[in-house]
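What follows is each chain in one-letter form.
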Amino acid sequence: LVSAVLGSSMAFMNGTVANVALPAIQRGLGASGADAQWVIEAYALFLAALLLVGGALGDRFGRKRMFLVGVVVFTATSAACAAAPDTAALIAARALQGVGAALLVPGSLALLGANFPAAQRGRAIGTWSAFSGITAAIGPVVGGFLVDHFSWRWAFLLNVPIGVVLVLACLAKVPESRGDAAGPVDVAGAATATLGLAGVVFALIEAPARHWNAAPVLVAGGLGLAGLAAFVACEARGRAPMLPLHLLRNRDFAGANLLTLLLYAALGGGLYFVPLNLIQVQGYGATAAGAALL
């Protein structure tokens, strides 16, 4: 339970800490507005595209093993973010951090499902959810304090000692488990989802600076839409799709996912723009902006 909570908390807190650190990153690295968006979206892009693949890999090759791989990748790339000499290096490290989180997040919940009997599972998942939510909420305050009193780099270095403790705890106490019917990994689905999301995100971020009729924007947008169409086709025809489309016929499942999409669309936009406004327009310090978000 401690390993699962630490793992998911590290990934969730990372998302909110980075938003508060963005103005300091812009100043420190001379980043443009588009660069600042890529610092956030590079992480979210790979986390979103590979999340279901991360769960499938855990079922096939071992949940503890893939969880540990995710923790190591996430911790190492957090250190790389802190050491980044320019925005290109930071964005690349954030993208790899998203890959680590895609292995880490589904693994943390799968560990609970595999290791707690049905009678205790609800309490364990409730505890996991509560602590994950708390750490995501206090993340902006912690990140703001580190930015104000040390440097934006410490907002990423915060993950390193947590990751080391997590690896040791997991190796010592967490047993291995696998899925009962682990099928092949949906490589085509993962590739088309990544291409589709990356193309659409690139077009939306770069269009304000390059203009909507610029060739790179049009090409990226077209590739993105084609990638998303190919993803739907792969999931409809694939032998072991990571998103079985028949699930969407279930009204409860489709409704819950639509609600989650709208919730995180609002949260994602708010958590990006509100700290920038509070710090750059209203004159708040990073700690005060984090407290306002809390």
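The coordinates are above.
Residues numbered from 1 in each chain as written. Predicted model: local features only at pLDDT ≥ 70, side-chain atom pairs only at ≥ 80, totals over all residues. Heavy atoms only, no water.

Novice: Whenever I open this one, the overall build of the protein confuses me. Can you help?
Specialist: Secondary structure assignment for the protein yields eleven helices and zero strands. Against the 2.2 N^0.38 benchmark of 19 Å for 294 residues, the protein shows a C-alpha radius of gyration of 19 Å, consistent with a compact globule. Across its three principal directions, the C-alpha atoms of the protein cover 55 × 45 × 35 Å. Out of the 294 residues in the protein, the part that is buried amounts to 41%. Nonlocal contacts in the protein, meaning residues at least 24 apart in sequence, comprise 80% of its contacts between residues at least 6 apart. Surface summary for the protein: the accessible area is close to 14300 Å², and the carbon and sulfur share equals 69%. Each charge sign in the protein was given a centre, from 16 positive and 11 negative side chains, and these centres are 8 Å apart. (Helix = DSSP H or I, 4+ residues; strand = E, 2+ residues; numbered from the N terminus. Rg over C-alpha atoms; globule rule 2.2 N^0.38 Å. Buried < 20%, exposed > 50% of the residue type's maximum accessible area, 1.4 Å probe, protein only. Contact = heavy atoms within 4.5 Å. Areas by Shrake-Rupley, 256 points an atom, 1.4 Å probe, with all protein chains shown as cover. Lys, Arg positive; Asp, Glu negative; His and termini not counted. Charge placed at Lys NZ, Arg CZ, Asp CG, Glu CD.)

Novice: I keep staring at the pattern of salt bridges and nothing clicks. Help me out?
Specialist: Opposite charge on two side chains makes pairing possible when the charged atoms of those side chains draw close. One pass over the structure, following the stated rule, counts one salt bridge. Measuring nitrogen to oxygen at the nearest pair gives 3.1 Å for the salt bridge that ties Glu 206 to Arg 210. Placement of both Glu 206 and Arg 210 in helix 8 (residues 187-210) is noted, with a separation of four residues, approximately one turn of the helix. (Salt bridge = Lys/Arg side-chain N within 4 Å of Asp/Glu carboxyl O.)

Novice: I would appreciate a short explanation of the packing of aromatic side chains in the present structure.
Specialist: Given two aromatic rings, their pairing is described by the distance between the two centres and the angle made by the two planes. Summed over the entire model, instances satisfying the criterion amount to six aromatic pairs. Ring centres of Phe 145 and Phe 150 lie 6.5 Å apart, and the angle between their planes is 65°; on these two criteria the pair is classed as edge-to-face. On the accessibility criterion, Phe 145 (40% relative accessible area) is partly exposed. Between Trp 152 and Phe 156 the ring centres are 6.2 Å apart and the planes differ by 85°, which places this aromatic pair in the edge-to-face class. Here Trp 152 and Phe 156 have matching classes, each one buried. An aromatic cluster is defined as three or more aromatic residues linked by ring pairs; in this entry it consists of Phe 145, Phe 150 and Trp 154. (Phe/Tyr/Trp six-rings, centres within 6.5 Å; stacked < 30°, edge-to-face > 60°.)

Novice: Just to check I follow, could you spell out the nonpolar core for this structure?
Specialist: Here is a general trend for soluble globular proteins: nonpolar side chains tend to be buried in one another's company. Counting 35 residues, the largest nonpolar core has Leu 22, Ile 25, Leu 90, Trp 152 and Phe 156 as its most contacted members. Among the elements of the structure, helix 1 (2-29), helix 2 (33-61), helix 3 (63-82), helix 4 (87-115), helix 6 (153-157), helix 8, helix 10 (251-281) and helix 11 (286-293) are those that each provide at least two residues to this core. Discounting residues that sit within four places of it in the chain, Leu 90 has contacts with Ile 25, Leu 29, Val 39, Cys 81, Ala 84, Trp 152 and Phe 156. Phe 67, Phe 74, Ala 101 and Cys 170 belong to the second-largest nonpolar core, a separate cluster that totals 15 residues. (Core = buried A, V, L, I, M, F, W, Y, C linked by side-chain atoms within 4.5 Å.)

Novice: Looking at this structure, how should I read unusual backbone geometry?
Specialist: The general pattern is negative phi for most residues beyond glycine and trans for most peptide bonds. Of note in the backbone geometry, His 211 takes a positive phi value of approximately 85° without being a glycine. Following the sequence through the fold, His 211 ends up in the loop between helix 8 and helix 9 (215-237).

Novice: What is the right way to read the packing of helix 2 against helix 4 from this model?
Specialist: Describing two packed helices takes the angle between their axes plus the distance from one axis to the other. Following both chains from N to C, one finds helix 2 and helix 4 inclined at 25°, their axes separated by 6 Å at the closest point. Considered as vectors, helix 2 and helix 4 are oriented roughly parallel to each other. Of the two possible hands of crossing, helix 2 and helix 4 adopt the one that is right-handed. Partitioned by chemical class, the residues of the contact of helix 2 with helix 4 number 19 nonpolar, five polar and two charged. (Axes fitted to C-alpha atoms, helices over the stretch in contact; angles between N-to-C directions. Parallel < 35°, antiparallel > 145°, perpendicular 65-115°, else oblique. Left-handed = near helix turned anticlockwise from the far one by under 90°. Nonpolar A, V, L, I, M, F, W, Y, C, P; charged D, E, K, R; others polar.)

Novice: I keep staring at a nonpolar patch on the surface and nothing clicks. Help me out?
Specialist: Nonpolar side chains collect at one region of the surface, where Phe 131, Ile 134, Ile 138 and Leu 294 lie side by side and expose about 380 Å² of accessible area between them. Of note, Ile 138 is situated in helix 5 (residues 118-149). Its relative accessible area of 35% is what places Ile 138 among the partly exposed residues. (Patch = residues over 30% accessible without salt bridge, like charges linked within 9 Å, V, L, I, M, F, W, Y side chains within 5 Å.)

Novice: What is the right way to look at helix 2 in this model?
Specialist: Residues three or four positions apart in an α-helix share a direction because the helix packs 3.6 residues into each turn. Its 29 residues place the ends of helix 2 40 Å apart at the C-alpha level, agreeing with the 42 Å of an ideal helix rising 1.5 Å per residue. Among the residues of helix 2, the N-terminal cap falls to Ser 32, whose side-chain oxygen and the backbone nitrogen of Asp 35 are separated by 3.1 Å. (Expected span 1.5 Å × (residues − 1). Polar contact = N/O pair within 3.5 Å; in protein donor to acceptor, adjacent residues only side chain to side chain.)

Novice: Mind showing me how you'd approach the environment of Gly 55 here?
Specialist: Within the secondary structure, Gly 55 is located in helix 2. What makes Gly 55 partly exposed here is its relative accessible area of 24%. The spacing of Gly 55 and Leu 104 is 49 residues in sequence and 8.9 Å in space, taken between C-alpha atoms.

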